[in-house]
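# Structural features, examined
Listed below are the residues making up each chain.
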Amino acid sequence: MVVLLGDKCAEYGGQVDVEAHIETCSGILWRELEHSGDEILQLVIQCAEELPHKSTLYATLVGLLNLEDEEFGRKVVDTSHAKLQDALDSENCNKIRILMRFITVLMCSNVIPPSSVIEVFETLLSSATTTVDEERGNPAWQARADFYIFCILGCLPWGGLELAERVPDDLDRVMTEIEAYLSIRKHIFEPAFLPFETPADDNKDGGQDFLEDLWERVKLLCEDGWKVDSVPRPHLAFESRLVTGKSYEFRPVTCPEQPDQPSPSSDVMIGRQRHEAELKYPQRIQRLHIFPVSRTEENMKPIDRFVVEEYLLDIMLYLNGCRKQCAAYMASLPVTFRYEYLMAETIFSQLLLLPNPPFKGCYYALVIIDLCKALPGAFPTVVAGAVRSLFDRVNDLDLDCQARLILWLSQHLSNFQFIWQWEEWLHVLDLPRWSPQRVFVQEVLQREVRLSYWEKIMQSIQKASGLEELLPPKDGSCFKYADQKGDQSEGVEFSLSKELNNLVKDKKTSREILSWVEENIIAVHGHNVSIDVVVQTLLHIGSKSFSHLFTVLERYGNIISKLGSGQSNEILVIEETSKIFQNNTQMAAIAIDRMMVYRIVSNLSIVTWVFSPSNVEQFHTSDRPWEILRNALDKTYNRISDLRKGVISVEKSVQKAIEAKAKAQADLDSAEALLEAAESEELQGQMAVKLKRLKAAVDRTKQEESSEQESLEAKDALLSRALSENEVLFITLYRCFSDALMKHLSVDLTEKQEDVLGTDQREQMSIDSEEPSAMDADDDERRNQRFSKSNGLHSQAEQQWCRCTLGQVRALTRKYATEIWPHIDKIDAEVFTGDIHPSIVKAVYSALRRPV
């Protein structure tokens with residue numbers, strides 16, 4: 001009953017009276033308080049924390065129970081205080097935000113006095129103001145200060161009216177202090193973390209960052225008398241009773257001390273601290289504005305948008321493990337206006353949030369699918385409109401966001417029989433191969449083939465005749481030693497491949513096959529031919545399915561590893577793998593990824609191969625090389641993360657072993673003292689036996705401590721080695737990027753021209769979610785001609801190549817910033833010096849939030 005409180009009420013899409021439901025629940029719980037008070041207390045607090053969109057209902061419930069049992073009300077306040085203080089100390093953003101909202105609505109139910117809420121606000125305000133002060137604070141941690149102010153402003157839609165009525169002077173003082181804070185903080189504008197490089201014409205926000213936007217909405221709310229239609233106020237129905245209840249002081253809370261400013265101060269040290277602060281206090285949402293404001297905020301006040309976004313984000317956060325219930329709650333918010341467009345925009349804002357979304361993309365795909373089923377008459381049309389809007393602006397969309405959008409759309413369509421109005425996108429066939437819209441459609445179709453089969457996708461685009469040329473070839477494997485009929489042809493290498501194939505069929509051991517290779521291929525034809533024949537043949541055997549591929553690499557991977565010893569040979573192995581799977585990007589990516597797992601090839605070899613001439617030519621026309629590169633970097637990052645977790649785990653084991661040894665030694669010392677004091681021989685005999693057992697226990701704990709220490713040293717050594725390899729990896733990566741880009745970027749390209757490279761190349765498309773837009777090829781050509789004259793690049797294709805490659809520099813730097821910052825000094829010294837182009841430095845530094 002407590003968990004489902006209000007779910008069937010009119011405010012949440014039901015027909016039950018909310019006041020009656022709360023009254024009934026209160027009566028039942030009151031009768032159980034004497035026997036199960038602690039369990040009820042924990043349940044109510046947990047519901048308020050994890051179902052925050054119903055926090056007003058739970059606060060009213062607590063207020064009614066407080067009338068019957070004052071001890072229960074006191075415990076709720078004390079528990080909330082302890083949880084808030086713990087959240088502040090542990091820097092748990094979500095708990096801080098939710099608990100502050102909960103104590104605000106408890107104030108509305110007269111469980112907490114308004115003076116206590118104001119005191120909490122002023123504590124956070126004081127900490128925030130000190131943080132951004134250049135002399136007393138540490139402005140690198142502005143992210144935390146902004147978050148504290150966000151929490152205060154975020155509470156006012158829920159409790160501003162009561163505060164204005166009961167402590168108007170205190171509320172005015174808080175508002176004045178917030179305004180003063182906003183006047184001294186630094187305005188945040190980070191183009192590298194925006195999903196679009198240029199804002200939509202209908203959604204320009206005047207250059208406000210998220211905190212400034214919220215402040216403007218709260219000021220309008222204040223001018224409107226603090227009336228919020230989107231926040232239920234069930235306590236008003238019980239106001240005459242609640243005012244007779246007892247209020248409990250909410251004890252003062254303390255904010256954690258800010259880290260000291262780095263000394264000596266440098267942009268690197270400040271950047272590291274700022275990055276740490278952004279990780280702990282990330283911005284919750286970056287609005288996409290994919291629909292006109294007239295649709296997303298239709299019939300709602302400015303503050304209502306913020307409130308609905310909070311509802312949606314909280315539901316997705318706390319109900320991520322039960323997607324059906326998540327979609328049900330999202331579809332029945334306690335508001336009186338339509339919000340389908342805002343809901344779609346909020347979900348896509350999370351999916352495309354930079355640098356990383358809170359959850360994996362498949363979670364948002366499932367939420368959208370369930371919402372389409374829950375609201376079949378409205379939401380599918382809205383989602384389709386969002387796709388069209390994003391597609392119209394895909395030229396402006398960040399490359400990382402493009403990749404996520406492609407993955408989401410292919411997965412979404414796979415759940416609806418791949419039905420889409422493909423004929424709307426037929427115009428991409430008239431665009432160049434490198435056009436972002438053409439590449440987008442091409443990658444979506446290729447991803448769909450992975451999720452289904454070629455014939456099914458071919459059937460789904462029958463009405464859009466011509467799009468089949470964007471599909472991958474039907475035959476996935478390009479076996480070098482087979483004729484067109486699939487039979488092996490004649491020739492020396494063909495014969496060797498056939499013989500190797502027969503050895504595998506005869507289930508010869510890898511040692512026997514390796515001996516045969518050394519005698520019959522390496523000795524006669526050389527090393528390169530042996531790599532060619534062995535890799536092509538073994539991967540052809542494994543090309544039938546993923547399980548076949550994994551089995552072949554597990555059984556015979558050591559043969560490839562022996563032949564591919566050394567970076568140059570590893571690159572040959574990767575090249576042959578790419579050739580045999582040139583028509584199947586998925587198999588190529590998985591094969592190379594699995595080879596890295598089995599240590600057949602290294603991440604350095606993969607990076608070097610990705611920047612080979614044949615791959616560099618594809619940087620702006622295909623996601624294939626980037627997918628393989630991302631897989632290699634992800635695998636490296638995951639390995640380091642696992643090693644860090646292993647070190648932390650062993651450190652805990654070492655600490656436990658030390659404590660166990662100390663306890664055993666203390667028991668032994670106590671027993672020895674008792675033995676010396678023993679007078680009777682019988683007691684001395686008993687103590688001697690006990691002493692022997694305790695000595696054995698001490699010896700055992702010493703051995704356990706020694707074993708754990710050795711394990712910790714081994715883990716530390718592995719982690720140190722992995723971090724050193726990681727440093728070399730990123731130096732190699734940035735050097736490869738620099739070498740590739742320097743061949744294309746004009747030497748005299750100025751900073752102003754680089755801004756043109758990011759923005760002026762594309763013309764803003766008008767947004768209409770109902771009707772698809774068409775690309776005018778002639779206008780596109782004229783735009784690129786103007787751009788070519790302005791930046792010194794030689795062709796439209798080269799311009800797009802530079803944009804894509806610089807975009808990938810930003811995307812990869814942004815994603816792996818945590819791993820890059822520890823090595824930034826070495827990277828600066830070895831890569832970002834000398835004749836490095838300023839465009840490359842700008843791309844990296846902006847992704848690290850580091851001043852150029």
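Residues numbered from 1 in each chain as written. Predicted model: local features only at pLDDT ≥ 70, side-chain atom pairs only at ≥ 80, totals over all residues. Heavy atoms only, no water.

## Points about the overall build of the protein chain
In terms of regular secondary structure, the protein chain is built from 35 helices and zero strands. Within the protein chain, buried positions represent 54% of all 852 residues. Carbon and sulfur atoms provide 50% of the accessible area of the protein chain, an area that totals close to 37,600 Å². Treating the 93 positive side-chain charges of the protein chain as one cloud and the 132 negative ones as another, the clouds have centres 5 Å apart. (Helix = DSSP H or I, 4+ residues; strand = E, 2+ residues; numbered from the N terminus. Buried < 20%, exposed > 50% of the residue type's maximum accessible area, 1.4 Å probe, protein only. Areas by Shrake-Rupley, 256 points an atom, 1.4 Å probe, with all protein chains shown as cover. Lys, Arg positive; Asp, Glu negative; His and termini not counted. Charge placed at Lys NZ, Arg CZ, Asp CG, Glu CD.)

## Some details on helix H7 (residues 168-184)
End to end, H7 covers 25 Å across 17 residues, agreeing with the expected 24 Å (1.5 Å per residue, within 8%). Those residues of H7 lying buried are Leu171, Val174, Met175, Ile178, Tyr181 and Leu182. Along the axis of H7, the buried residues cluster in a sector spanning 120°; they form a single face. Away from the buried face of H7 by more than 90 degrees, exposed residues Asp169, Thr176 and Ser183 are located. Packed against the buried residues of H7 are helix H5 (114-132), helix H6 (142-166) and helix H8 (210-223). (Expected span 1.5 Å × (residues − 1). Arc of directions from axis to C-beta. Contact = heavy atoms within 4.5 Å.)

## Description of unusual backbone geometry
Look at the link from Leu354 to Pro355: it is a cis peptide, with omega at 10°. With respect to the helices and strands, the residue Pro355 is situated in the loop between helix H14 (340-351) and helix H15 (361-374). Phi angles above zero are rare outside glycine, and Phe418 is one such case at about 55°. Here Phe418 falls in the buried class, since its relative accessible area comes to 5%.

## Digging into the packing of aromatic side chains
Enumeration according to the criterion identifies 27 aromatic pairs in this entry. Plain terms: the ring middles of Phe619 and Trp801 are 6.0 Å apart, the flat faces sit at 10° to each other, and that makes the pair stacked. Of this pair, Phe619 sits in the loop between helix H27 (613-616) and helix H28 (624-677) while Trp801 is found in helix H32 (residues 796-815), placing the two residues 182 residues apart along the sequence. Grouping residues by exposure puts Phe619 and Trp801 together as buried. Following the ring pairs from residue to residue traces out a cluster consisting of Phe391, Trp420, Trp422, Trp425 and Phe440. Over the face of the ring belonging to Phe196 we find Arg393, whose NZ or CZ atom lies 3.7 Å from the ring centre. Above the face of the Phe193 ring, Arg849 is positioned so that its terminal group lies 3.8 Å from the ring centre. (Phe/Tyr/Trp six-rings, centres within 6.5 Å; stacked < 30°, edge-to-face > 60°. Lys NZ or Arg CZ within 6 Å of the ring centre and 35° of its normal.)

## Describing the environment of Asp69
Its place among the elements puts Asp69 in the loop between helix H2 (55-68) and helix H3 (70-90). Taking the relative accessible area as the measure of exposure, Asp69 reaches 25% and is therefore partly exposed. Sequence separation between Asp69 and Ile28 is 41 residues; the distance between their C-alpha atoms is 13 Å. For Asp69, the side chain forms a polar contact with the main-chain nitrogen of Glu71, separated by 3.1 Å. (Polar contact = N/O pair within 3.5 Å; in protein donor to acceptor, adjacent residues only side chain to side chain.)

## Some thoughts on the packing of helix H17 (residues 399-414) against helix H18 (residues 436-451)
The N-to-C vectors of H17 and H18 enclose an angle of 45°; their axes lie 9 Å apart at closest approach. Between H17 and H18, the angle falls in the class oblique. Seen along the crossing, H17 lies across H18 with a hand that is right-handed. When H17 is examined against H18, the residues Gln402, Leu405, Ile406, Leu407, Leu409, Ser410, Gln411, Leu413 and Ser414 are found in contact with a partner set consisting of Phe440, Glu443, Val444, Arg447, Glu448 and Leu451. (Axes fitted to C-alpha atoms, helices over the stretch in contact; angles between N-to-C directions. Parallel < 35°, antiparallel > 145°, perpendicular 65-115°, else oblique. Left-handed = near helix turned anticlockwise from the far one by under 90°.)

## Quick look at the domain arrangement of the protein chain
Here the protein chain is partitioned into domain 1 (2-247 + 271-280), domain 2 (293-464) and domain 3 (492-635). Its C-alpha centre places domain 1 at a distance of 57 Å from the equivalent point of domain 3. (Domains from an automatic or database assignment.)

## A few points about the packing of H14 against helix H16 (residues 379-392)
To describe two helices that pack against each other, one gives the angle between their axes and the distance between the axes. Contact geometry for H14 and H16: axes closest at 10 Å, N-to-C directions at 50°. Classified by the angle between their axes, H14 and H16 sit oblique to one another. Helix-helix and strand crossings are classified by hand; for H14 and H16 the assignment is right-handed. On H16, the residues touching Glu340, Tyr341, Met343, Ala344, Ile347 and Phe348 of H14 are Phe379, Val382, Val383, Ala386 and Leu390. Partitioned by chemical class, the residues of the contact of H14 with H16 number ten nonpolar, no polar and one charged. (Nonpolar A, V, L, I, M, F, W, Y, C, P; charged D, E, K, R; others polar.)

## Notes on the nonpolar core
Of all hydrophobic cores here, the largest spans 163 residues; its most connected members are Phe348 and Trp422. For this core, the element with the highest residue contribution is H6, accounting for 13 residues. Inspection of this core shows a minimum of three residues originating in each of domain 1 (2-247 + 271-280) and domain 2 (293-464). Discounting chain neighbours no more than four positions away, the residues touching Trp422 are Leu413, Val441, Val444, Leu445, Glu448, Ser460, Ile461, Ala464 and Leu467. Judged by nonpolar contacts, the second largest core, of 82 residues, contains Val534, Leu538, Ile827 and Val844. (Core = buried A, V, L, I, M, F, W, Y, C linked by side-chain atoms within 4.5 Å.)

## Some thoughts on a negative patch on the surface
Together, Glu651, Glu710, Glu713 and Asp716 make up a negatively charged patch on the protein surface. With three residues, the top contributor of residues to the negative patch is helix H29 (residues 681-742). Mapped onto the secondary structure, Glu713 falls in helix H29. (Patch = residues over 30% accessible without salt bridge, like charges linked within 9 Å, V, L, I, M, F, W, Y side chains within 5 Å. Salt bridge = Lys/Arg side-chain N within 4 Å of Asp/Glu carboxyl O.)

## Description of the side chain of Glu297
Among the secondary structure elements, Glu297 is positioned in the loop between helix H11 (293-296) and helix H12 (302-318). Of note is the side chain of Glu297, whose polar atom sits 3.4 Å from the side chain of Arg217. Aside from chain neighbours lying at most four places away, what touches Glu297 is Arg217, Pro302 and Arg305.

## Considering a nonpolar patch on the surface
Taken together, Val3, Leu4 and Leu43 make up a surface patch of nonpolar side chains, about 230 Å² in accessible area. One can find Leu43 in helix H1 (residues 18-50). A relative accessible area of 32% places Leu43 in the partly exposed class.

## As for the pattern of salt bridges
Enumeration according to the criterion identifies 60 salt bridges in this entry. Notably, a salt bridge pairs Glu122 with Arg173, separated by 2.7 Å at the nearest N-O pair. Of this pair, Glu122 sits in helix H5 while Arg173 sits in helix H7, and the two are 51 residues apart along the sequence. A salt bridge links Glu830 to Arg735, with the shortest nitrogen-to-oxygen separation between them at 3.1 Å. Highlighted residues: Glu830 in helix H34 (residues 824-830) and Arg735 in helix H29, separated in sequence by 95 residues. One salt-bridge network, held together by shared partners, links Asp213, Arg217, Arg287, Glu297, Arg305, Glu309 and Glu345.

## A look at the layout of surface pockets
In this structure, the second largest pocket occupies an estimated 1,600 Å³ of space. When residues of the lining of the second largest pocket are traced back to their parent elements, those giving at least two are H15, H17, H18, helix H25 (585-597), H28 and H32. Sort the elements by how many residues they give to the lining of the second largest pocket and H17 lands first, with ten residues. The class makeup of the residues in the lining of the second largest pocket is 22 nonpolar, 13 polar and 14 charged. (1 Å grid on protein atoms, 1.4 Å probe; cavity = no way out; pocket = protein on both sides within 12 Å on 5 of 7 lines; lining within 4 Å. Points joined across faces, edges and corners; volume = space filled by probe spheres on them.)

## Looking at H15
Taking 1.5 Å per residue as the helical rise, H15 with its 14 residues ought to reach 20 Å, and the 20 Å between its terminal C-alpha atoms agrees with that figure. Buried residues along H15 sit against H12, helix H13 (323-330), H14, H16 and H17.

## As for the environment of Glu216
Topologically, Glu216 is positioned in helix H8. Take Glu216: its relative accessible area is 31%, and that puts it in the partly exposed class. A C-alpha to C-alpha distance of 12 Å links Glu216 and Gly154, two positions 62 residues apart in sequence.

## Concerning the confidence of the model for the protein chain
Detailed conclusions should not be drawn from predicted coordinates in areas where pLDDT is low. Confidence in the prediction for the protein chain averages 88 pLDDT; 91% of positions are at 70 or higher. Taken element by element, the predicted model of the protein chain shows its lowest mean pLDDT in helix H30 (residues 751-759) (41) and its highest in helix H4 (residues 93-108) (97). (pLDDT = per-residue confidence, 0-100.)

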